[in-house]
There are 2 protein chains.
Amino acid sequence: MEYMKEAIKQAKKAEAIDEVPIGAVIVKDSKIIARGYNRRETKHNALLHAEIIAIDKACRKLGGWRLPGCEIYVTLEPCPMCMGAIISARIEKLYFGAYDEKSGAAGSVCDLSCALPHKVETTGGVMKEDCTKLLSDFFKKLRAQKSGFGKRGEKNEDK
Amino acid sequence: MEYMKEAIKQAKKAEAIDEVPIGAVIVKDSKIIARGYNRRETKHNALLHAEIIAIDKACRKLGGWRLPGCEIYVTLEPCPMCMGAIISARIEKLYFGAYDEKSGAAGSVCDLSCALPHKVETTGGVMKEDCTKLLSDFFKKLRAQKSGFGKRGEKNEDK
């Protein structure tokens, strides 16, 4: 719970800069070693999902491409790129909050953790209500803005 | 052929620094706009596959997270992370050389291009012999080194 709360805190940082609110933290030996939040729009870069940013930081911190003994907590079920990165970095456990029926690659659309030699022990639905609400409130607000003030481009829901 | 040849040139740059020889280029309007080669070991970072490096550069160059009208040429079938990144960046076409029976995500182990709303038009086996030979020669040399000189760690084949 503690780590998912921190991931939610990260997601709120994304929300504060008008990004889809998704946050991630990486934990090793009961300590948070890396944090990340979605910056795809702000940085104009398809790679900058919360998980990728956190994995990049964790690799730099631990000084290797493998992240043994690490767990990742993400507010939303990872997309294929992020699930692939979790596997690529040999992260051992994944905990995610909200399910992503559109592009979740930990079971919702496909289950990458089954397809490859490295298995990631996955637990979905951690603090699911909080994580789901964070996203639904964001998109609700976005739709209201679109119909009213039109502050953001219409492609922002295209996560 | 011309673009795959450039991807092979990139792969050779990886080989020159003792990385698994994998290279990628991104093409838009018949021009190469980004290049990348595998640097996972050298940079100690799970994310630094050839495709990710090229996508990162292309996003910076075009100034957006979407890469419309772009094609990517890779010497090896992308892993799930890279295939996910190709989808995430909305790259339109993928051409790859060698097939990866162990972790290829464009058909060999799984086919991510089918699972998600964005479809990537994929052509495998482009200059397949050259791309496959590049890898098999590398691993042959590595095995000889291991049994003879033991210059590299035994986990390097773990692409």
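Here the residue index of a chain counts from 1 through its sequence in written order. For naming, the first written chain is A and the first written ligand is 1, with later ones following in the order written. Residues qualify for local features only when their pLDDT is at least 70, as the model is predicted, and side-chain atom pairs are given and counted only at 80 or more; totals for whole chains, interfaces and linings, by contrast, use all residues. The basis for the side-chain values is all heavy atoms of the structure; hydrogens and waters are excluded.

**A word on the relation of the copies chain B and chain A**
For the pair of chain copies, the relating transformation is a rotation about an axis with a translation along it.
Logical step 1: Each copy is superposed on the other by least squares, with the fit set by C-alpha atoms of residues at a pLDDT of at least 70 in both. Rotating chain B by 180° and translating it 0.0 Å along the rotation axis places it on chain A, where the RMSD comes to 0.0 Å. Here the symmetry operator amounts to a two-fold rotation axis. Nearest to the rotation axis, the C-alpha of Met81 of chain B is located 2.1 Å from it, this being the minimum over chain B.
Logical step 2: What makes two residues a contact is simply this: any of their non-hydrogen atoms within 4.5 Å. Counting the interface residues of chain B, we find that 100% of their copies in chain A are interface residues as well, pointing to one common contact surface.

**Overview of the interface of chain B and chain A**
Logical step 1: Listed per partner, the contact involves 32 residues of chain B and 33 residues of chain A.
Logical step 2: Accessible area that two parts lose when put together, evaluated with a 1.4 Å probe and summed over both, is termed the buried area. In this assembly, chain B packs against chain A so that about 2,600 Å² is buried in total across both faces, 64% of it on carbon and sulfur atoms.
Logical step 3: One speaks of a salt bridge when a side-chain nitrogen belonging to Lys or Arg is within 4 Å of a carboxyl oxygen belonging to Asp or Glu. If you look at where chain B meets chain A, you find zero salt bridges.
Logical step 4: Any pair of nitrogen or oxygen atoms within 3.5 Å is treated as a polar contact; in protein, a donor-acceptor pairing is required on top of that, and neighbouring residues in sequence qualify only through side-chain atoms on both sides. Summed over the shared surface of chain B and chain A, the result is six residue pairs in polar contact (both at pLDDT 80 or more).
Logical step 5: Under the scheme used here, helices are H or I runs from DSSP no shorter than 4 residues and strands are E runs no shorter than 2 residues, and both carry numbers assigned from the N terminus. Of all elements in the fold, only helix H2 (50-62), helix H3 (80-88) and helix H4 (112-115) of chain B reach the threshold of two or more residues within the side of chain B that touches chain A.
Logical step 6: If one sorts the elements of the side of chain B that touches chain A by residue count, H3 of chain B sits on top with five residues.
Logical step 7: Grouping the constituent residues of the side of chain B that touches chain A by class yields 16 nonpolar, eight polar and eight charged. When residues are sorted by character, Ala, Val, Leu, Ile, Met, Phe, Trp, Tyr, Cys and Pro go into the nonpolar class, Asp, Glu, Lys and Arg into the charged class, and all the rest, Gly among them, into the polar class.

**Concerning the packing of helix H1 (residues 2-16) of chain B against helix H5 (residues 128-147) of chain B**
Between two packed helices, both the angle of their axes relative to each other and the distance between the axes serve to describe the pair.
All names here are of chain B.
Logical step 1: Contact geometry of H1 with H5 gives a least axis separation of 11 Å together with a crossing angle of 10°. What the angle tells us is that H1 and H5 run roughly parallel. Seen from H1, the contacting residues are Met4, Ile8, Ala11, Lys12 and Glu15; seen from H5, they are Asp130, Cys131, Leu134 and Phe138. All axes are obtained by fitting lines to C-alpha atoms, using only the stretch in contact for helices, and the reported angles, taken between N-to-C directions, cover 0 to 180 degrees. Small angles under 35 degrees read as roughly parallel and large ones over 145 as roughly antiparallel, with 65 to 115 read as roughly perpendicular and the rest as oblique.

**As for the environment of Asp111 of chain B**
Residues and elements named next belong to chain B.
Logical step 1: Summarising the element assignment, Asp111 is placed in the loop between strand S4 (93-98) and H4.
Logical step 2: Residue classification places Asp111 among the partly exposed residues on the basis of a relative accessible area of 32%.
Logical step 3: Between the C-alpha atom of Asp111 and that of Thr132, which follows or precedes it by 21 residues, the distance is 20 Å.
Logical step 4: If we skip the residues at most four places from it in the chain, Asp111 touches Ala105 and Ala106. Each residue is assigned to one of three classes by its accessible area relative to the maximum for its type, calculated with a 1.4 Å probe on protein chains only: buried under 20%, partly exposed between the two thresholds, exposed over 50%.

**Focus on the environment of Gly64 of chain B**
Logical step 1: Locating Gly64 of chain B in the fold gives a position in the loop between H2 and strand S3 (70-76).
Logical step 2: Gly64 of chain B sits in the buried class, given a relative accessible area of 18%.
Logical step 3: What Gly64 of chain B contacts, discounting residues up to four positions off in sequence, is His44 of chain A together with Cys59 of chain B.

Keep in mind that these numbers describe shape and distance, not what the molecule does.
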